[in-house]
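Residues per chain, in single letters:
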Amino acid sequence: MTKKLFLRSSVAIGICLLFGFMGAIATQAGTADWYPDLNKPWFNPPEAFFGPIWLIMYVLMGIAAGIVWSKGFYHKWVKTALYHFGFQLLINGSWSLLFFGIQKPFLALLSIILLFILILITIKWFRVVSNTAAYLMIPYAVWVLFAMILNFEIWRLN
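These numbers come from a predicted model, not from an experiment.

Draft legend 1. Quick look at the nonpolar core. If you look at the biggest cluster of nonpolar residues, it comprises 48 residues, and the most contacted ones within it are Phe99 and Phe126. Elements with a minimum of two residues in this core: helix 1 (3-33), helix 2 (47-69), helix 3 (76-101), helix 4 (105-129) and helix 5 (131-157). What Phe99 contacts, discounting residues up to four positions off in sequence, is Trp34, Tyr35, Leu38, Lys104, Pro105, Ala108, Asn151 and Ile154.

If you want it as C-alpha cells, here you go:
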C-alpha cells in the first residue's frame, strides 16, 4: 500500500464515519421512544447488530473511495465516480434523519430506494476506475438492499 493510498483511504474512511456518526445521532433519538413500539417483521435483527455492521460498511466504503481517489482526481472517470459516491453518501445520511429523526418510514423508504440505485451507479463508476473498489462496495449494496426490505416491511406493518 502506498502512502498516498493510505492517506486518501484514511480521509475517506473518516468522512464516511462522520456521516455514520451523524446518522447514529438521529437513530438514537428514534430508538429511544418511537422505534421499540413499531411492529417489525420476523427477520428484524437485534438492535445491537446494526452498529457493527454499519461500522464495517463505512470502513469498506472509505477504502473503496480511497482507492478510486488515489488514481488521481484529475481523471474524468475518478471525478465522476467520486461525485456519485458523495451523492450516495448524502442520501445515506438522509435516511436516518427521515426514518428515525422525523419518524417517516415511507419517506425513508423512498430515500433508501434512491440510495440503492445510487450505490449501483457508484459501483458501476468505481468499476471503471478500479475493480477492487467496486467489489468493496458490494457488501454495502447488499446491506442496503436488506435495509430497504426491512424499511418496507416496517412501513407496511405500521
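Draft legend 2. Just the environment of Ile119, in detail. Topologically, Ile119 is positioned in helix 4. You can call Ile119 buried: its relative accessible area is 0%. For Ile119 and Pro45, which are 74 residues apart along the polypeptide, the C-alpha to C-alpha distance reads 23 Å. Once residues within four sequence positions are removed from consideration, Ile119 is found in contact with Gln88, Tyr140, Ala141 and Val144.

Draft legend 3. Examining the side chain of Thr80 more closely. Residue position: Thr80 is located in helix 3. Residue Thr80 is classed as buried on the basis of its relative accessible area of 18%.

Draft legend 4. Layout of the packing of helix 2 against helix 3. Two elements in contact, helix 2 and helix 3, have axes whose closest approach is 10 Å; the angle formed by their N-to-C orientations is 160°. By the angle between their directions, the pair helix 2 and helix 3 is classed as roughly antiparallel. Here helix 2 and helix 3 pass one another in a crossing that is left-handed. Packed against helix 2, whose contacting residues are Trp54, Tyr58, Met61, Ala65, Val68 and Trp69, the element helix 3 presents Val78, Ala81, Leu82, Phe85, Gln88, Leu89 and Asn92 at the interface.

Thresholds applied
Residues numbered from 1 in each chain as written. Predicted model: local features only at pLDDT ≥ 70, side-chain atom pairs only at ≥ 80, totals over all residues. Heavy atoms only, no water. Core = buried A, V, L, I, M, F, W, Y, C linked by side-chain atoms within 4.5 Å. Buried < 20%, exposed > 50% of the residue type's maximum accessible area, 1.4 Å probe, protein only. Helix = DSSP H or I, 4+ residues; strand = E, 2+ residues; numbered from the N terminus. Contact = heavy atoms within 4.5 Å. Axes fitted to C-alpha atoms, helices over the stretch in contact; angles between N-to-C directions. Parallel < 35°, antiparallel > 145°, perpendicular 65-115°, else oblique. Left-handed = near helix turned anticlockwise from the far one by under 90°.

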